[in-house]
Amino acid sequence: MPAFVYRITKYDPVDRDGHGCYIGREDATSDHGPVEAAYLDAVAAFAKDTGVERLEIREPGIFGLVHLGWEPAVDGYGLTGLFPPDLRGFHDGAEVSLPVGLELVRGMLRDAGAWCRLAVEDKFTVQVGWDQYVYVTSDRTCERAVAITRDLGLFPERLEASPYDTDFDGDGVQRPADEDFWARLHWSVAVHRAVLLEEGYLHNASRWHCLTEGNVDAVRAACTSRAAHRLA
C-alpha cells in the first residue's frame, strides 16, 4: 500500500499548541481565490509526481437535510457542469480526469455539498477533511511536489496515516449485486408479484424501484454502478 502521507494546509505549524491544534488567525473557510488555487496546484503536483492522470471516485455522498459545513450549500452540490443534473456519473467507482478531480477538490474545499475520496488503487489518494485540511497519499516520496507546495505558501507535513483512512465496509452482512443476487430478485418477484428495491446511489441519496416480473432486467441495467441495494 502507499506509504507516503502528507497533510497539506494553509496553517503554519508554528501556530499550533502543544496538542497540535491550530491557534493562529487563518480562516477555516476557502478564500475562493489564490489560497484555494494553491491547494489545487499542490494536489496536481502530487498527482504528477505519482504519475496519475485519472482518478476513481470512492465513497461519494451529498449533504442531507442538515448541512454541516462552514459555508452555505449551493445548488447542484458544487457538481454543476461536472455531472448531469441527476448526478449520474458521480458514483462509487466512476473514473474522472485529473482536471475534473481537481474541481471536485475545489467543491469540497468550499463545503459545496458533495464529497468523495479520489484514488488510484494502491497508488494515490486525495481526501479533503474539515477546515481546509487536505490529505494526499502516494506510493512515492513526491519530493518535488513537497517543494512546490511550500513555494505555494502552504505547509505539507508528513504523517504516518490519514485520519480519514477507515474501513469502509461497515457493519453487517454485505454482498455484491452479482448474478446470484439478481436471480434471487427474480425469484422474489415471481413469488410475491412485486418487490420494492432501494438503490442507494450516493450517501444520503437513493431511488426506489417497484420490481415486477417484466422490469427486473431493465431496472438492473439502469442502476448505478456499485450502488447499495436494499429490499423493502
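For the structure itself, consult the block above.
Since we're looking at a predicted model, the values are computed, not measured.

Caption draft 1: Summary view of the overall build of the protein chain. Looking only at helices and strands, one finds five helices and 10 strands in the protein chain. By residue count, 41% of the 232 residues in the protein chain fall in the buried class. Put simply, the protein chain shows about 12,900 Å² of open surface, and 52% of that area lies on carbon and sulfur atoms.

Caption draft 2: Fine view of the environment of Gly81. Here Gly81 lies in the loop between strand 2 (54-62) and strand 3 (95-97). A C-alpha to C-alpha distance of 9.9 Å links Gly81 and Val100, two positions 19 residues apart in sequence.

Caption draft 3: Main features of the nonpolar core. By size, the foremost hydrophobic cluster in this structure holds 39 residues, and its most contacted members are Phe46, Ile57, Leu104 and Val134. Breaking this core down by element, the ones donating at least two residues are strand 1 (4-9), helix 1 (34-50), strand 2, helix 2 (98-109), strand 4 (114-120), strand 5 (124-128), strand 6 (134-138) and helix 3 (143-151). In terms of residues, this core owes the most to one element, helix 1, which gives nine residues. In this structure Val134 touches Tyr6, Arg7, Ile8, Tyr39, Val43, Leu109, Val126, Gln127 and Val128, once residues within four positions along its chain are discounted.

Caption draft 4: Quick peek at the sheet that holds strand 3. If you walk across this open sheet you meet the seven strands as 3-2-4-5-6-1-7, and the pairing is antiparallel. Either end of the sheet is taken by a strand with one partner, and the two such strands are strand 3 and strand 7 (155-159). Here the strands of the sheet are splayed against their neighbours by 30° on average, with no regard to which way each runs. Here strand 2 pairs with strand 3 via three bridges, running antiparallel. Bridge assignment links Leu55 to a residue of strand 3, and that residue is Val96.

Caption draft 5: Spatial organisation of the pattern of salt bridges. A complete count under the given rule lists 13 salt bridges for this structure. Of the charged contacts in the structure, one is a salt bridge between Asp92 and Arg58, with a shortest N-O distance of 3.0 Å. Taken together, the residues span a long stretch of sequence, with Asp92 in the loop between strand 2 and strand 3 and Arg58 in strand 2 at a distance of 34 residues. By relative accessible area, which is 13% here, Asp92 ends up buried. Between Arg106 and Glu103 there is a salt bridge, with its nearest N and O atoms 3.0 Å apart.

Caption draft 6: Expanded view of the environment of Ala114. Tracing the backbone shows Ala114 in strand 4. The class for Ala114 is buried, based on a relative accessible area of 9%. Residues Ala114 and Tyr77 lie 37 residues apart in sequence; the distance between their C-alpha atoms is 5.2 Å.

Caption draft 7: Quick peek at the environment of Pro156. Mapped onto the elements, Pro156 comes out in strand 7. What makes Pro156 buried here is its relative accessible area of 11%. Separated by 10 residues in sequence, Pro156 and Val146 have C-alpha atoms that sit 6.3 Å apart. The residues touching Pro156, leaving out its near neighbours within four places in the chain, are Arg7, Val146, Thr149 and Arg150.

Calculation notes
- Residues numbered from 1 in each chain as written.
- Predicted model: local features only at pLDDT ≥ 70, side-chain atom pairs only at ≥ 80, totals over all residues.
- Heavy atoms only, no water.
- Helix = DSSP H or I, 4+ residues; strand = E, 2+ residues; numbered from the N terminus.
- Buried < 20%, exposed > 50% of the residue type's maximum accessible area, 1.4 Å probe, protein only.
- Areas by Shrake-Rupley, 256 points an atom, 1.4 Å probe, with all protein chains shown as cover.
- Core = buried A, V, L, I, M, F, W, Y, C linked by side-chain atoms within 4.5 Å.
- Contact = heavy atoms within 4.5 Å.
- Pairing = 2+ DSSP bridges.
- Axes fitted to C-alpha atoms, helices over the stretch in contact; angles between N-to-C directions.
- Salt bridge = Lys/Arg side-chain N within 4 Å of Asp/Glu carboxyl O.

Keep in mind these numbers describe shape, not what the thing actually does.
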